[in-house]
Amino acid sequence: MLEIKNLHVEVAGTEILRGLNLTIGAGETHAIMGPNGSGKSTLSHVLAGREGYTVTAGSVTFNGKSLLDLEPEERAGEGVFLAFQYPIEIPGVNNVYMLKAALNGIRSYRGEKELSAVEFLKVVKARVKAIGLDDSLLNRPVNSGFSGGEKKRNEIFQMSVLEPRLAILDETDSGLDIDALKTVSEGVNALRDGKRSFMVITHYQRLLDYIVPDHVHVLAKGRIIKSGPKELALELEARGYDWLLEEAAA
Amino acid sequence: MASNAQDVAEFVDRHYEAGFVTDIESDTVAPGLNEDVIRLISAKKEEPEWMLEWRLKAFARWKTMREPNWAHVHYPPIDFQAISYYAAPKSAKDRPQSLDEVDPKLLETYKKLGIPLEEQMMLAGVAVDAVFDSVSVHTSFRGKLAEVGVIFCSFSEAVREHPELVRKYLGSVVPVTDNYYAALNSAVFSDGSFVYIPKGTRCPMELSTYFRINAMNTGQFERTLVIADEGAYVSYLEGCTAPMRDENQLHAAVVELVALDDASIKYSTVQNWYPGDAEGRGGIYNFVTKRGDCRGARSKISWTQVETGSAITWKYPSCILKGENSVGEFYSVALTNNLQQADTGTKMIHLGRGTRSTIVSKGISAGRSQNAYRGLVRIAAGAEGARNYTQCDSLLLGSQCGAHTFPYIECKNPSAVVEHEASTSKISDDQLFYLRSRGIKQEDAVNMVVNGFCKEVFKELPMEFAVEAQKLLGISLEGAVG
């Protein structure tokens, strides 16, 4: 489904990703871990199409299409969703109104009929229940005045409505207390249907107790230096990253 | 992927959609201004002697005055002798009794503007006093309004038929000596609207005027007078759009509002005068004096404006809060693009005890435009317990435009509370990326952020107008994003 080959990315002249390779199959959940500054967020932003990142070499194909040639909204249409580490506040824009425009944008990209307000609200009602989102968040301005936990839950809620093929969770656990972490994880797990793929970017093993990955990768200095089964995360928790970095340098 | 700054620049670069000139024979007075021209205007309008004298007095004062130069706008000097001060569509001489009698070209113009008069009358229930080149051509719903005693007519008609009201209130809010352009308007005003709501009457419908400049080289000098008698309420809508043309045009209107005890006036404007082309050629000079007088106790005047047009805007809808516990409000969205310049804001003059005012101003600058908020809050010594809240936000699109804020606060009463909040921000790449990553096209994303920014003001507009305003903002930001 997602195939990243020898990806090199520069930000303002500094190379951040240095030959990254990663393949994610349909229905798989991959965890990306790694020390600060290893390029985890850069990877998520490049995949979603954020400006300011220059791809100097390599390719990213998503279901056979070159993702790097597409605008961010087209990538969303192809089924890529990024749950932001720091969800953005958009004052004055109603949360549900934004989401309706997003869903219909995606549908029209795929040549599907746009949903009417009534049809859309039905979808929303069902998802709100599944995620355990506070109803009152729906009609507030996008992320404005939301608590950290509310923002993250709102990301997962948006994901549940937009039903992506590949969801990238960028440090979704940061800033969450244990209870919020559980609810958010339950929301994510509810969306694991055997077809949808996940890339879970995190610093901590804790999140992976709730969202159990099929594969764990360690990203350091812009490359995947180690891949393994879910147990690798436990080992990282116990031993840190240094031994891997030394191993990679050797 | 193209750089974002460039996209936004392309994006806001769009053509004026209401740009067309309808071919109607105009009864136009040769350019130039002197006493004879004023006598001619007055005679053409069959005005009584007192009206002519009022005009001549204003003209005498105007000659002694100088153009103001304190605003944050720049333009070549205006040759007031090169302007023609009167133009009337020919068909106005025989006043039409129904739509059938109206020049079909006029109706066509309205249709291009998306305001089919017939439909509006039937569907929206809005009474339209359409001002086309200085003479009121059509007035609707007069009958229904007359039933409750509301007078809604062209200004010239009011001068003829309700002289006692006109003489009592004309110039009582904006005296002829007030400023250069108000004096000029007082001397040469062509036509406009007159509204009187009798005691205790709630006007049964929104009153609406559409303005349009349509003859070459013609200054437009509108005069509007709205009076809400004790306990009366009226909501008045004013919308403008003008055809494409090459030369700068002067537009110097005067609007006076009077609210007596317990009366309330809501005045909403959507302004879309021709802004000039991308190089700033052509476009309207909009030098307007708008002022409301809360003369009575507990009276209220609320201004709401959405300004997207004009090459230069110089406009400060104000409230004089004379009556005890009277309330003044100003809600404004001003969008400038290309080389447009806007210096707009409000004045809240607190004279009475317990008077309150609210100012919410949203400025959006794009292209190489300059957008300034200028506001005065004055609390007089006698305004015990007066209160003001001002919020003034600027949004910048691109890096070549400017936003400026000039707040003036004068407080002479220690019991008063005056608050001022201001912010300036650039439209954020983060916001656009966030929305786009959700599947929303760039153009729609910009629109969404800008509309969100203006939300507080839009919600003050009457429903139909809010929709129109959002549409207008969308058009103003529409562009060639590939």
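Residues numbered from 1 in each chain as written. Chains lettered and ligands numbered in written order. Predicted model: local features only at pLDDT ≥ 70, side-chain atom pairs only at ≥ 80, totals over all residues.

Enquirer: Could you clarify how one ought to interpret the sheet that holds strand 1 (residues 2-11) of chain A in this entry?
Expert: One key point about sheets: their strands pair by backbone hydrogen bonds, in either a parallel or an antiparallel sense. Residues and elements named next belong to chain A. One open sheet holds the 4 strands; their spatial order is 2-1-4-5, and the pairing between them is antiparallel. Edge positions in the sheet fall to strand 2 (14-24) and strand 5 (65-66), since each of these pairs with one other strand and no more. Two elements, strand 1 and strand 2, share 8 bridges in a ladder whose sense is antiparallel. Of the residues in strand 2, the one forming a bridge with His8 is Arg18. (Pairing = 2+ DSSP bridges. Helix = DSSP H or I, 4+ residues; strand = E, 2+ residues; numbered from the N terminus.)

Enquirer: Would you mind showing me how to read the pairing of strand 1 of chain A here?
Expert: Walk down a regular strand and you will see the side chains alternate between the two sheet faces. Residue and element names in this part refer to chain A. Here strand 1 folds back onto strand 2, and the loop between the two strands holds 2 residues, one of which, Ala12, carries a positive phi near 50°. The sheet contact formed by strand 1 and strand 4 (residues 53-62) spans 8 bridges and is antiparallel. Counterpart to Glu10 in the pairing with strand 4 is Thr54.

Enquirer: Can you walk me through the interface of chain A and chain B in this structure?
Expert: Quoted interface sizes are often the accessible area lost when the parts come together. Facing 25 residues of chain A, the contacting portion of chain B comprises 20 residues. Looking at the side of chain A that touches chain B, the elements that each hand over two or more residues are helix 2 (72-78), strand 7 (90-94), helix 3 (95-109) and helix 5 (148-162) of chain A. Looking at which element gives the most residues to the side of chain A that touches chain B, the answer is helix 3 of chain A, with 6 residues. For the side of chain A that touches chain B, the per-class residue count stands at 16 nonpolar, 5 polar and 4 charged. (Contact = placed C-beta atoms within 7 Å. Nonpolar A, V, L, I, M, F, W, Y, C, P; charged D, E, K, R; others polar.)

Enquirer: In this structure, what is going on with the packing of helix 3 (residues 49-64) of chain B against helix 9 (residues 180-188) of chain B? I would like to understand it.
Expert: Think of two packed helices as two axes; the pair is described by the angle between the axes and how far apart they sit. All names here are of chain B. Helix 9 packs onto helix 3 with a crossing angle of 145° between their chain directions and a minimal axis gap of 7 Å. Judged by the sense of rotation from one axis to the other, the crossing of helix 3 with helix 9 is left-handed. Here helix 3 contributes Arg55, Ala58, Phe59, Arg61 and Trp62 to the contact with helix 9, which in turn contributes Ala183, Leu184, Ser186 and Ala187. Tallied by class, the residues present in the contact of helix 3 with helix 9 amount to 6 nonpolar, 1 polar and 2 charged. (Axes fitted to C-alpha atoms, helices over the stretch in contact; angles between N-to-C directions. Left-handed = near helix turned anticlockwise from the far one by under 90°.)

Enquirer: When you look at the packing of helix 10 (residues 429-437) of chain B against helix 11 (residues 442-458) of chain B in this model, what are you seeing that I'm missing?
Expert: All names here are of chain B. Contact pair helix 10 / helix 11: the axes reach a minimum separation of 9 Å and the direction vectors enclose 125°. In terms of their interaxial angle, helix 10 and helix 11 are classed as oblique. For the crossing formed where helix 10 meets helix 11, the hand is right-handed. Only Gln442, Ala445, Val446, Met448 and Val449 of helix 11 make contact with helix 10, whose side of the interface consists of Gln431, Leu432, Leu435 and Arg436. Looking at the contact of helix 10 with helix 11, its residues break down into 6 nonpolar, 2 polar and 1 charged. (Parallel < 35°, antiparallel > 145°, perpendicular 65-115°, else oblique.)

Enquirer: I keep staring at the environment of Ala403 of chain B and nothing clicks. Help me out?
Expert: Residue and element names in this part refer to chain B. When you line up the elements, Ala403 lands in strand 22 (residues 402-411). Taking the C-alpha atoms as reference points, Ala403 and Asn371, 32 residues apart in sequence, are found 4.9 Å from one another. If we skip the residues at most four places from it in the chain, Ala403 touches Gly363, Ser365, Asn371, Ser394, Leu396 and Thr424.

Enquirer: What exactly am I supposed to notice about helix 10 of chain B here?
Expert: The α-helix advances 3.6 residues per turn, and as a result positions three or four apart in sequence lie on the same side. Counting buried positions along helix 10 of chain B gives 7 out of 9 residues, so the element sits mostly inside the fold. Within helix 10 of chain B, burial applies to Gln431, Leu432, Phe433, Tyr434, Leu435, Arg436 and Ser437 of chain B. (Buried ≥ 20, exposed ≤ 12 C-beta atoms within 10 Å, placed from the backbone.)

Enquirer: Explain the environment of Val377 of chain B here, please?
Expert: All names here are of chain B. Inspection of the secondary structure puts Val377 in strand 20 (residues 370-379). Between the alpha carbons of Val377 and Val188 there is a distance of 31 Å; along the sequence they are 189 residues apart. Filtering out sequence-adjacent residues up to four positions away, Val377 remains in contact with Met348, Asn388, Thr390, Ile409 and Val418.

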